Amino acid sequence: MKLRKGESLGVILFLAPALLLFVMFFIYPIFNVVGMSFFNWNGITDPVFSGFENYKDIFTDKVFIRSITNNVIWALAACCVQVPLALLMALILSRKPRFWQSFRTIYFLPQVISGIAIAMLWSAVFNSEFGMLNGLLKMLGLGKFATNWLGNPKTAFACVLIYGLFYIGYYMVIMMAGITNIDESYYEAAKVDGASPIQTAMHVTVPLIRYSVHTCITLAAIFGLRTFEQVYLLTNGGPANRTSLVVLYLYNQMRDNNYGGANASSVILIVVGAIVIVSIRKMFKFEED
Amino acid sequence: MKKSSKKLIALISTVVLSVGMFAGCGSSATEETDSSNDGTTKEETGKTEEIALTFPCIWVGSDSKAEVFGKMVTDFNTEYEGKYQVNIEEQTDYDAYEDKIRTLISTGTAPDIFTVKSFADIQLFAEAGNLMDLSTFFEDSAIGDRFITGVLDDTAIDGKMYAMPYENAIIPIMYNNKLMEAAGVTELPGSFDELWDACDKLKGTGVFPLSEMTGDNAWTSMLWYSYAVAACGGADVYDKGLEDPAFVEAAEILRKMFDYTSSDAIGADATVVNGHFFNERSAVYTNGTWILGRIKSEGVAGLYDSLALSGGLSNDGENGGAYLNAVQAYICAGKQEDPAKEEAVQAFMKFITEKDKIVELTNSSGSLFAVSVDSTEITNTLQAEIVKQSADAAFTIRNFNAAMPTAVGNAFPSALEELVLDEITPQEFVETLQKAAE
């Protein structure tokens, strides 16, 4: 829709306050982060220009490499496991089986419970001395598999990842909303053609909610890249940095008063995030209106 | 409605909204300017000006020192009524408080009085030139003699004093005597070799001999490492730097300690470690005196009464009997332009380090302080014993985190995990810490 002459001023004035705040609190900090990433700064004394020194330091730091690798794995797992799982649940629950509303609430519950409370719960589940998981293994006669799940380098990352993957409720609700909007006539046509429920789901429902799926995959990838809370609370990046993530890495840089390094890792995270979003968008190849 | 009227309404609405949004910021900024007034707040009281000092304070709310320390501030304000006034700004979130202090220091608006727990931070703040130089204050022997031996020397930066050591952490090794006797250990170990023997016996009875952790800041294991460093390197080991072989030797001892601890030690935090000792699942533990109250209230029945305490262990017959003794909180002052305000700060520091006040604070809170007190004046017998043992110790030494830059302390837990998982050698463990120190 084209604006009539004279209406532009009103639009600009209405947009101005929000734009001003957005520039102040998002755009300016991003430029500031990029600028400060070329300085050595302890947060107290004057910053000293150091060129690409901070980038060189973090790219030669094995902990950063491990952190970014973990982030990519996390984002991939979120896109390839969490979203399909949420889609599956959405497809099942949208058929409104018995107690579907209760199941929808149960799956959404982790989203509304404090992350700290859930982390404490999982921490107790994985504890090697009195944890529920080891207790269960011993009860089943599989005591030889009992281990310090969060302290064992072979199992720690998988444990925090599995815990993260349980957050499917958010994506499930988005996709259920998409399914609700599908016109009933598509299903009637599929029924007339003799399509099975699985065929209907695969060839009618999923293609028609591709925008919702795209949104969920984008969100899952972004959340995967910026995850912090779960790992910080469960393992704090341990054992031996096996579960470290980029946000945790930059948090630790700040704790060490290395604000230049923290800014440089933030810039890398922003770049990786932008690449991921553009890639996902290209993958789906939507026709722009 | 005409088009021009719509435009006018749109314009007015936008302006009103924008002004409304910034009105809050504007008014608070004005208020702030009025009250802070170039960092010097003076209130007119009759003919003389009362000097008001701002003190963002963490010893408030449910903190064990809150009641008595609050009373001390009130007493100071009463004694110096019309002359000085200390205004406490309650800070209950320590992390937020630390951020606030750092921000204020970096913007050159340090509070008049504030506390800092890390000596490394004080060095940083002093480098920025925003701390008050307290050297002349401590040159007065009436003040300097109040403090325990050596603590003022440890606080000096290039011969100058930028902070007053206040709360002190004295850390003994704690043994559960009941578990030790049940395992046939009748005497407290005096050396690491004797500790290993005791551990073997304790292990045989089904308890974890030692409490260890790598989670959070690996506090308990860091303390064990500090004791091992003291035993391997002696009193002046930190002066020699991380290049000293004592740090590698101590890492070997620490690695061996993990053979005698619980299976959840890797990743365990203070809750887990405390839980093991409080519930008699582990027999030997190390922590500061502040934990005694919790052992009494949360430990299994009889645990508190069966506690035995000792200082450090010897290694190859040397350097036994050390005691970990480090400042837990310093009191600093922002740099002042007004000499009268400097005097006010010094009067407050003098007031809160009076011996009788420190004794009252010690007895009420369970904490210990850098001001020297007679152990017979401490009502808690275990706390008094710790103070006495520390005073009689062969030597006292700071814990590793207190003696090292912040980055080294932060690198310690993950380096320890690599050491315990045998991914790195003790030599590489120390090299990791050296790298963090750079």
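Computed from a predicted model, the values in this text were never measured in an experiment. (Residues numbered from 1 in each chain as written. Chains lettered and ligands numbered in written order. Predicted model: local features only at pLDDT ≥ 70, side-chain atom pairs only at ≥ 80, totals over all residues.)

A. Highlighting unusual backbone geometry. The amide bond that connects G238 of chain A to the next residue, P239 of chain A, takes the cis arrangement and shows omega of -5°. One can find P239 of chain A in the loop between α12 (229–234) and α13 (246–255). In this model, E280 of chain B sits at a positive phi of 60°, which is unusual for a non-glycine residue. Relative to the helices and strands, E280 of chain B is located in the loop between α13 (270–278) and β8 (282–286). The residue D316 of chain B is not glycine, and still its phi comes out positive at about 50°. Judged by C-beta crowding, with 11 C-beta atoms within 10 Å, D316 of chain B ranks as exposed. (Helix = DSSP H or I, 4+ residues; strand = E, 2+ residues; numbered from the N terminus. Buried ≥ 20, exposed ≤ 12 C-beta atoms within 10 Å, placed from the backbone.)

B. Broad picture of helix α10 (residues 219–233) of chain B. Here α10 of chain B contains 15 residues, and its C-alpha end-to-end distance of 21 Å stays within 8% of the 21 Å for a straight helix at 1.5 Å per residue. One or two steps after α10 of chain B, the chain reaches G234 of chain B, where phi turns positive at roughly 85°. (Expected span 1.5 Å × (residues − 1).)

C. Local environment of helix α2 (residues 66–79) of chain B. Residues and elements named next belong to chain B. For α2, with 14 residues, the first-to-last C-alpha span of 20 Å sits near the 20 Å given by 1.5 Å per residue. Listed as buried for α2 are F69, M72 and F76. The buried residues of α2 occupy an angular sector of 50° when the element is viewed end-on, so they sit on one face. In α2, the exposed positions that point more than 90 degrees away from the buried face belong to T74 and T78. Residues of α2 that are buried sit in contact with β3 (84–90), α15 (339–352) and α16 (355–365). (Arc of directions from axis to C-beta. Contact = placed C-beta atoms within 7 Å.)

D. Structural detail: the UniProt feature "domain: ABC transmembrane type-1" (unreviewed entry) in chain A. Using the residue numbers shown here, the UniProt feature "domain: ABC transmembrane type-1" (unreviewed entry) corresponds to residues 68–280 of chain A. Between the first and last C-alpha atoms of residues 68–280 of chain A the distance is 18 Å; the span itself is 74% helix and 0% strand. (UniProt positions renumbered as here; feature names shortened; annotations may be inferred.)

E. Molecular detail of the sheet that holds β8 of chain B. All names here are of chain B. Spatial ordering of the open sheet is given by β7-β8-β6-β9, a layout of 4 strands whose pairing is mixed. Taken across any chain shown, the strands that pair with only one partner, and hence form the sheet edges, are β7 (208–210) and β9 (307–310). Averaged over all pairs of adjacent strands, the angle between their axes in this sheet comes to 20°, without regard to strand direction. Of the pairings in the sheet, the one linking β7 to β8 comprises 2 bridges and is parallel in character. Counted as the bridge partner of L210 is V284 from β8. (Pairing = 2+ DSSP bridges. Axes fitted to C-alpha atoms, helices over the stretch in contact; angles between N-to-C directions.)

F. Inspection of the pairing of strand β4 (residues 113–116) of chain B at higher detail. Residue and element names in this part refer to chain B. The two faces of β4 match: I113 and T115 on one face and F114 and V116 on the other face are all buried. With 4 bridges joining them, β4 and strand β10 (residues 322–333) adopt antiparallel strand pairing. Residue pairing for β10: T115 is matched across the bridge by I331.

G. Structural detail: the domain arrangement of chain B. Residues and elements named next belong to chain B. By domain assignment, chain B separates into domain 1 (42–170 + 326–381) and domain 2 (171–325 + 383–437). Each of domain 1 and domain 2 has a C-alpha centre, and these two points are 30 Å apart. Taken together, the contacts link 15 residues of domain 1 with 22 residues of domain 2. When residues of the side of domain 1 that touches domain 2 are traced back to their parent elements, those giving at least two are α4 (119–127) and β5 (164–171). With 3 residues, β5 is the largest single contributor of residues to the side of domain 1 that touches domain 2. (Domains from an automatic or database assignment.)

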